Structures are given as structure tokens and as C-alpha cells.
Amino acid sequence: MTAQDDRAGAAPSVAGPQSEAAVAPAATSPMPTVLSDEQRQLLAAVLDTIVPPNGALPGAGGLGVDASIDRTLALTPALRRLFLDGLAEIEVASERQMGQDFGVLDAATRERVLRAVEETSPAFFSALVAHAYRGYYTLPEVQLAVGFTDRAPQPDGYVLPVFREELLKVQLKREPFWRKAE
Amino acid sequence: MQGIEAARAATAHYDDPDVVIVGAGASGAAVAWSLASAGFKVVTLEQGGWVNPQTLPHHQADWEIRRLTDFNADPNVRGAIEDYPVNEAESTFSPLMYNAVGGSTIHWSAHFPRYHPSDFRVRSLDGDGDDWPLTYDELEPFYDLNDRMIGIAGRNGDPSQPPRSPRQTPPIPLGPLGEAMARGFDKLGWHWWPSDSAIVTAPYGDRPACNNCGPCDLGCPTGARSSADVTYWPLALRLGVELRTRCRVREITVDADGRARGVLYYDDAGVLQEQRAPLVIIAANGVGTPRLLLNSKSRQFPDGLANRAGMVGKCLMFHPFGTASGVLPDSVESFRGPIGCSIFSHEFYETDESRGFIRGFMMQVVRETGPLNEALGGATATRVPWGAGHHAAFAERFGRVINMGLMGEDLPELVNEVTLDPNLTDSDGIPAPLVRYRLSENSVKLMELAVAKAREALEAAGAIKVLIRNPLRQSGWHLLGTCRMGDDPKNSVVDRWGRAHDVPNLFIVDGSLMVTSAAVNPTTTIQALALRTADYVKQARG
């Protein structure tokens, strides 16, 4: 059983055609991009608000998750409009509420602006957070920092411990209790 | 893997097979093996291809992303060429399945419990649902045979169920999360037992022991998990079964006498072919099988094949399903170990009428997987909040949760059904299924108690907080009941052997023939029933 991303919530399903790594194994692959430099900068600032720096570790924007989202948009046309419109909504909301560009706001104000956009554009925002987490939590440095491991599950796996029979001490005393049926 | 590669290359070819089987998943594989071992010339048609263990997500840094994209359990999310879309707008649960050699045992957590004896006698014991036209005792030898064929990890002696044959390999270790939960159950005096798992923890045949990598739901690169592609298929192919992959069956054809003549299918080049055979067996799951029958209209069967009683597609059962996650104050390395296999409790499995509903539920301890899955919501689909509080909220959960799957018994109801969508089709233009399903009043009450008992158990295990998701939409793994078995042709589709009442040379062996759902994962029982049907077919030929 796994949480299937945002399907329990309001957002549409956002599967790409393939995972990023399956399609483009190297981060440096020459791949078409969707976002302009300005949009990339805005997205990076937004990502740093969604997943802020953690101790010595930069936030999602500082770690380059904006680049992986840009690649996803290049591979998943169905998401492009949602993200392009959503980024525009963030700029508009920032201007309207604060009279300033999002990029110059302090962290707490940025979060306030984004909470408002989450209210008005829930589908976009849910997809944005999902893709922020996708990019962030698949980075090796993040996986190590949270106490996980930075290697793929295979080929090495992990040592399979031995089953501890003594754990059954209490249960082994119980009489059979299944219901008889002819 | 060399054995499988060799067996694949050796696939036979028959123009005039004795039997054509539709579907190469859990039950189709078992039947193909059994019939071929008695000398039948078998052709199996499978709409998917082989899954290459080397290209499974487990080898890649972004393995967790593939769970959300091309390896998602939901065919509507994957949208692969071999998948068909499912209209699920009117269903509480999303039907989940995989189309490949091995079928849905590819993306399978491999929890492998049996039905209880009482599950075959629901009407007699509890006055609702139905009795099966067979008993646990009749099925037991086939459960045992199936366990030996595929290899199980477990321990016999469970007081909640009849004694069973020795398990092939020792149980999957509980891990710190399972042990914490076991202490919680013991404290309350409730039952728990190590899960029977379709995974081998010691070498079995030519397959290695599990190396504890974790995400069984994304496939098994080592072959330690007992999915149909690494158990029955290599043996079946060596016995001469012809397996045609990427062949999608559109309909079953009938002759002038109303017997099945064969199947019409689109081959791997997209060309329409007819494969005739004196015997047709369908193993296409509880959504795919009624879809195929309803799409097989003819002069003799204007409402779909084997559907004279109007029962094809009726009585769909998924299992009402919810989840609870207990958050502990310290790490229990929840992310380590096979995702679906640790321990389970059948304390509340059997009927107790004082509870205000009939039948019961299973509590199954489920592990966490990677950090991305937890951030996106974990077992309860409860996303970790973004913003300034994100890291503290994530750290509170990651590695510290005990997840519990709560699976209730679903009772057969005519209103829950699979029909054909009037507009939606697959890539070959075949009508897609439309699924209607809603929880019954009995199921709602049952799940309310399941949630309350899960909370109590998790708190006894030390949880300081409990997250709940009930129902969990993405939990339609079990596709059951849509071509039900019965002695009376008026309210069932197949007889006690899986033979269609209306079509004497047509058999069904997948989850659609299940009369009632029990409150356990169904693959064990589906495969045992398939082996039993295969024995009947062999004996009938003499």
C-alpha cells in the first residue's frame, strides 16, 4: 500500500510519460526547456518557501529542483499550462497583496502569498507541492540527511534479519479460535 | 534469471491447441502449467509483455517517482499501450491492476493469507451474502499444492485458522515496527501472527532468498517474490505452453451450437486474428473478464456471452479498505523490509453480532517505503505540510510510523457492477469497462470499528498520534465477484468448477468467480481455485 501522490486530494493525476531518469539519465542532457530564466528564478524562490533550507542543506530551490521540474514540463505537455499559469498567478498575487515582486519578499511574507495562491489555484498548487517533493526527496543528499540511504534498493538490498521465534511466546499460548463451518 | 530466459526462447507454436487461455497472470499461469503437465497443447494470450527485472525501478535513484508514473498500480495513471482505461467516476475505489506476463502479481506486496472455513459459509452462518458450492476442506489440497509450487514464507500454528502444511521458508522478520506492533497486540491480549508471504526467505528451487530491499509493490528484481512470471511461467514454458504476448483479446467467438469456438484478438502487430480451440479459459481479472464477456455479443448471446441470467459483471467486490498510521516517538525503521509483509491480526475477523454488523476485518501491518512516499502522504495519503513547518513535520513521521491496512469483508450486491462504457475504448477500439461501486451500510459500520480498533492497537504500541484514511481510494487491488460461482444458473455465471452455466466449453478461473470476498487478500484462493478447475478439466478429458 502506498500513498498515490495527490489522488486522495484535489489535484488531477500528474503522471509523466516516464520518470525523468528513465528518459534522461544524465542531468546535463540537452533537453528542451519550458521556463524562461525569470520563470526559473521565480520557481526556485517558490520552491525554497515550500521546502525551506534545513540546517546546512539548502531548500528545494537552492538544490536545483526547479531544473527537474522544468525537465518534467518539457516531457509532460499536460502539465505546462497548469504550471505556467500558476507561476503567473503567484506574481500577480504578490504584486496585488504586497505591491512587490515575490523575489524580494522575506520568507514569512512569501509563505503568506503562497497560502493565498493555494486557496485560489488548488489544482496547480497541489501539483506544485507534489513535484517539489518529488524533486527534493529523490536527491541523494536529502535522502542521507533524513536518515534514509542514498542508494537504490537494488542490487545490494539489505541484510534480511533472522525471524525471532521468541516473539510468539504469548500467541502460542492461545487456543485455536477460528469459527467452525461445515 | 537464466532459466527464465531460456524458457522464454523455447516457446512452442500450435495452430490447433487443445485450449486457449486469456491472461497470463496469477490464475492463467497456474492453469497453463497444470494443463500442460498433463499433455494439453496450451496457447495463452496476454495483452502485456514480459517485465524485464533489470529495468525495474529498484535499480534507479528515482525509483520512488516511478511508483507515481509508469509503475503506478492504477492503469489510468500509467496509460501504457497494453493497459485499458477504466471509467471509475462512480466508484469509491480505483481499480488497480497490471498488464504483463505475471499480471497483477508484478506490482504485488505478496501478502498471502487463506480464506477461513467460515468464509465459504456466509449465508448459512450469518444470513446474508452466499454460501460457496465448495468448502475450505475441498480447497485445502490446492492451497497446499499452490504453496509448494511458488514458495511461501511463514510459520504454521496460527490459532486464528486451521492448521496448515509446513511453510516452505521461515517468516519474513517483523522488523522494529512489527515488533512494536506485536507488543501492542500482546498488551491488549489480541491475536497477531507473522504473515504468510509469497516471498522466499531461503533459496527455493532456482530462486534466491529475499534480500530485503523493500518495495515489492514495484516488482521484484531478484525473483525471490513468488510472482507468476518467475514461478509458474518458466515451468509452463518448459512443458510446451505457447505464450503469445502483446495479444489483446476482443471477444470470444461462438459456433452455431452456442459453444465457444475460440477468441478474436489483436496480435502484436495489431492484426485481428481468430484462435480456435475446443476449450476456452478466461483469466483476465474481475474487471477484464466481465468486460470481455459483455463485449462478446452474438445471435445466441445478445446480452453478452454466458450472460443469460444477467449476472455477468454484477456483485463486484473490492474489499472496503482504510488505513491507520501510528506515529511513534522514536524510529522503528519503518522503511526497512518487504512493504506488505510483517504481521497481521484476525482478532476481529469472525462475526460477532453484538457489533451491529456481520463478518469482520483484518488488520495488516504495512511498512513505510521511501522518503518521497512519506512526504506525499504515506499509507494514509496525508501529505506532510509544506512551508516553515515542513521539516519538523516530516521528521516526526519518517521512519517512525506503523501503518495498518484495514481490510473488511465485502458482501455481494447487485448494485456494484462492471459494465461497458458507451464511449471510452482502449487503443484497439475495444469498449472500456465502467465500474460502479459504493460501500454498503454493513461495510461502513464494519470499517468504523476497524478504525477504532486500529487506533486502540496503535496506541497500545506506543503511538503518540494516529492518522486515518477511510476509505482509501487507491486501494482497489482486489477485483472480485463479477462472474460468480454457484449451483443455481439463475444467480450465478459459473458452476462449482468454474464452467459457464450457459457455455459448456468455457471456464473462468480469475477473481471474478469469487462468491464472497472474505476479509483477506485473494490471490492464494484464486490460484487454488484455478488449480482445482484445471484438475477437473484434466479428469473430464480422462
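Residue indices begin from 1 for each chain and proceed along its sequence in written order. Here every chain gets a letter starting at A, and every ligand a number starting at 1, in the order they are written. In view of the model being predicted, local features appear only for residues whose pLDDT reaches at least 70, and side-chain atom pairs are presented and counted only at 80 or more, with totals across whole chains, interfaces and linings using the full set of residues. Side-chain descriptors were evaluated using all non-hydrogen atoms of the structure, hydrogens and water having been removed beforehand.

Student: Help me get a handle on helix α6 (residues 136-150) of chain B, residues and values and all.
Tutor: Each α-helix winds once per 3.6 residues, and so residues spaced three or four apart point in a common direction. Residue and element names in this part refer to chain B. Numbered from the N terminus, helices here are DSSP runs of H or I no shorter than four residues, and strands are runs of E no shorter than two. Here a helix's expected span is defined as the number of its residues, less one, multiplied by 1.5 Å. Here α6 is 15 residues long and its end C-alpha atoms lie 20 Å apart, about the 21 Å a rise of 1.5 Å per residue gives. Buried residues along α6 sit against α2 (26-37), α8 (232-238) and α13 (523-541). Looking one or two residues beyond α6, the residue adopting positive phi is Gly151, at roughly 90 degrees. Every residue pair with non-hydrogen atoms within 4.5 Å of one another is taken to be in contact.

Student: Explain the interface of chain A and chain B residue by residue, including any values.
Tutor: Each partner contributes to the interface: chain A provides 68 residues, whereas chain B provides 88 residues. Simply put, the buried area is the total loss of 1.4 Å probe accessible area from both parts when two parts are fitted together. A buried area of about 6,700 Å², summed over both sides, lies between chain A and chain B, and 63% of it is on carbon and sulfur atoms. By definition here, a salt bridge exists when the distance from a side-chain nitrogen of Lys or Arg to a carboxyl oxygen of Asp or Glu is within 4 Å. Note that Arg155 of chain B is salt-bridged to Glu165 of chain A, the shortest N-O span being 2.6 Å. Whenever two N or O atoms come within 3.5 Å, that pair is a polar contact, provided that in protein one can donate a hydrogen and the other can accept it, and provided that, for residues adjacent in sequence, both atoms are side-chain atoms. At the junction of chain A and chain B, the tally comes to 28 residue pairs in polar contact (both at pLDDT 80 or more). When residues of the side of chain A that touches chain B are traced back to their parent elements, those giving at least two are α1 (20-23), α2 (37-50), α5 (107-120) and α6 (122-137) of chain A.

Student: Kindly report on the nonpolar core, identifying the contributing residues and their values.
Tutor: Think of a nonpolar core as a cluster: buried Ala, Val, Leu, Ile, Met, Phe, Trp, Tyr and Cys residues, connected wherever their side-chain atoms sit within 4.5 Å. Between buried and exposed lies partly exposed: a residue is buried under 20% and exposed over 50% of the maximum accessible area for its type, with that area taken using a 1.4 Å probe on protein chains only. Counting residues in each nonpolar core, the largest one holds 151 residues, and the members touching the most others are Met181, Trp233 and Leu506 of chain B. Excluding residues within four positions of it along the chain, Trp233 of chain B makes contact with Ala24, Ala29, Ala32, Thr44, Trp50, Val101, Gly102, Ala228, Val241 and Leu243 of chain B. If you look at the next biggest cluster of nonpolar residues, it comprises 56 residues, including Leu43, Val65 and Phe102 of chain A together with Ile106 of chain B.

Student: Describe unusual backbone geometry, naming the residues involved and giving the relevant values.
Tutor: Looking along the chain, the bond that leaves Gln154 of chain A and enters Pro155 of chain A is cis, with omega of 10 degrees. Of note, Pro155 of chain A is situated in the segment after α7 (140-145). With omega at -5 degrees, the peptide bond leading from Asn470 of chain B into Pro471 of chain B counts as cis. Inspection of the secondary structure assignment puts Pro471 of chain B in the loop between β16 (465-469) and β17 (506-508).

Student: Please give an account of the packing of α2 of chain A against α6 of chain A that cites residues and values.
Tutor: Residue and element names in this part refer to chain A. Two elements in contact, α2 and α6, have axes whose closest approach is 10 Å; the angle formed by their N-to-C orientations is 80 degrees. Regarding the angle of α2 to α6, the classification is roughly perpendicular. Where α2 approaches α6, its residues Leu43, Val46, Leu47 and Ile50 are matched on the opposing element by Phe125, Leu128, Val129, Ala132 and Tyr133. Residues that form the contact of α2 with α6 fall into these classes: nine nonpolar, no polar and no charged. To get an axis, a line is fitted to the C-alpha atoms, and for a helix only the part in contact is used. The angle between two axes follows their N-to-C directions and goes from 0 to 180 degrees. Orientation categories follow fixed angle ranges, with anything under 35 degrees roughly parallel, anything over 145 roughly antiparallel, 65 to 115 roughly perpendicular, and all other angles oblique. Residue polarity is assigned by list, with Asp, Glu, Lys and Arg as charged and Ala, Val, Leu, Ile, Met, Phe, Trp, Tyr, Cys and Pro as nonpolar; anything else, Gly included, falls into the polar class.

Student: Account for the pairing of strand β10 (residues 321-327) of chain B, naming residues and giving values.
Tutor: Residues and elements named next belong to chain B. Within β10, seven of the seven residues are buried, leaving the element largely enclosed by the surrounding structure. Alternating positions in β10 separate into two faces, Phe321, Thr323, Ser325 and Val327 on one and Gly322, Ala324 and Gly326 on the other, with burial throughout. Only strands that DSSP links by at least two bridges are regarded as paired with each other. Taken together, the seven bridges between β10 and strand β13 (residues 401-408) define a ladder with antiparallel strand orientation. Its bridge partner lying in β13, Thr323 is registered against Gly405. Pairing between β10 and β16: five bridges, direction antiparallel.

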